Amino acid sequence: MKDLDKLFAALAQSTFRNSFQLRDKDLAYLQQKGLSTVLDHAEDFIGKRLAPAIINNDGKQTPMRGHPVFVAQHATACCCRGCLAQWHQIPQGRELTLAEQAYIVVVLEKWLRTRLESD
């Protein structure tokens with residue numbers, strides 16, 4: 001797991017990761033539901049889609065849009081186990097620990113909070 005400042009500096013250098021932005025509908029959802037509720041959704045998504053040791057559709061389990069968390073996952077490379085290994089040094093092939101799941105939520109929170117503050 002990486003230091004957040006170093007992680008976000010590296011993500012800022014990626015054209016692909018920077019291409020993800022919240023659409024008006026996603027931003028409105030985030031504002032309406034509130035960051036706390038959306039982060040509860042993130043915990044659920046992480047637990048079901050990323051935490052298992054074996055994921056049959058790894059690399060395709062996170063939609064590109066449809067929820068602010070999905071967009072944040074792609075923007076922060078928290079979308080699949082391959083990206084978690086490459087960007088966050090979280091190994092594939094084993095279940096995520098609770099600490100790793102919490103770390104991912106913190107990463108997503110930082111990205112989402114920045115979007116809320118820039119609006």
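The structure presented is a predicted model; accordingly, all values stated were derived computationally and were not measured.

> So what's going on with the packing of helix α4 (residues 35-50) against helix α5 (residues 68-75)? Which residues, and what values?
Where α4 meets α5, the closest approach of the two axes is 9 Å, and the angle between their N-to-C directions is 65°. Like other packed secondary-structure pairs, α4 and α5 cross with a definite hand, here right-handed. Only V69, F70 and Q73 of α5 make contact with α4, whose side of the interface consists of V38, A42, F45, I46, R49 and L50. In terms of residue class, the contact of α4 with α5 is built from seven nonpolar, one polar and one charged.

> So what about the packing of aromatic side chains? Which residues, and what values?
Per the counting criterion, the structure on display carries two aromatic pairs. Judged by centre distance (5.1 Å) and plane angle (90°), the ring pair of F16 and F20 falls under edge-to-face. Take F16: its relative accessible area is 45%, and that puts it in the partly exposed class. Residue classification places F20 among the buried positions, given a relative accessible area of 10%.

> Explain helix α3 (residues 24-33) to me, using residue names and the numbers behind them.
Taken together, the buried positions of α3 are occupied by D26, L27 and L30. The buried residues of α3 occupy one face: seen down the axis, they fall within an arc of 100°. For α3, exposure combined with an orientation more than 90 degrees from the buried face picks out D24, K25 and Q32. Turning to α3, the residues buried within the fold contact α4, α5 and α7 (98-118). Positive backbone phi, at 95°, marks G34, one or two positions downstream of α3.

> With reference to specific residues and values, describe the packing of α4 against α7.
Axis separation between α4 and α7 bottoms out at 10 Å; the angle between their running directions is 145°. Seen along the crossing, α4 lies across α7 with a hand that is right-handed. Facing α4, whose interface residues are L35, V38, L39, A42, E43, I46 and G47, α7 presents Q101, I104, V105, L108, E109, L112, R113 and L116. Residue classes in the contact of α4 with α7 are distributed as ten nonpolar, two polar and three charged.

> Mind laying out the pattern of salt bridges, listing which residues take part and the relevant values?
Scanning the entire structure with this criterion turns up three salt bridges. Here E100 and R94 are joined by a salt bridge, their closest N and O atoms 2.5 Å apart. Relative accessible area serves as the criterion here: at 29%, R94 is assigned to the partly exposed category. In this structure, R113 engages E109 in a salt bridge whose closest nitrogen and oxygen atoms are separated by 2.5 Å. Here R113 and its partner E109 are both found in helix α7, four residues apart, which amounts to about one turn of the helix. Under the relative-accessibility criterion, E109 is labelled partly exposed at 23%.

> Explain the environment of D24 to me, using residue names and the numbers behind them.
Along the chain, D24 turns up in helix α3. The spatial distance from the C-alpha of D24 to the C-alpha of A77 is 22 Å, given a sequence separation of 53 residues.

Parameters and conventions
- Once a new chain begins, its residue numbering starts again from 1 and follows that chain's sequence as written.
- The model is predicted, so local features are restricted to residues of pLDDT at least 70 and side-chain atom pairs to those at 80 or more, both for listing and for counting; the totals for chains, interfaces and linings are taken over all residues.
- Water and hydrogen atoms play no part in the side-chain values, which are based on all heavy atoms of the structure.
- Helix axes are fitted to C-alpha atoms over the stretch in contact, other axes to C-alpha atoms as well, and angles between N-to-C directions run from 0 to 180 degrees.
- Each helix corresponds to a stretch of at least 4 residues labelled H or I by DSSP, and each strand to a stretch of at least 2 residues labelled E; elements are numbered beginning at the N terminus.
- The handedness criterion is simple: a crossing whose near helix is rotated anticlockwise from the far helix by less than a right angle is left-handed, and one whose near helix is rotated clockwise is right-handed.
- Residue contacts are defined here by distance: any two heavy atoms, one from each residue, within 4.5 Å place the two residues in contact.
- Classification convention: Asp, Glu, Lys, Arg as charged; Ala, Val, Leu, Ile, Met, Phe, Trp, Tyr, Cys, Pro as nonpolar; all other residues, Gly among them, as polar.
- Any two of the Phe, Tyr and Trp rings considered here, Trp counted by its six-membered ring, make a pair once their centres fall within 6.5 Å; the pair's planes then place it as stacked at under 30 degrees, edge-to-face at over 60, or tilted in between.
- When a residue's accessible area, from a 1.4 Å probe over protein chains only, is under 20% of the maximum for its type it is buried; when over 50% it is exposed; and in between it is partly exposed.
- Arc definition: directions from the helix axis to the C-beta atoms.
- The salt bridge criterion pairs a side-chain nitrogen of Lys or Arg with a carboxyl oxygen of Asp or Glu, the two atoms within 4 Å.

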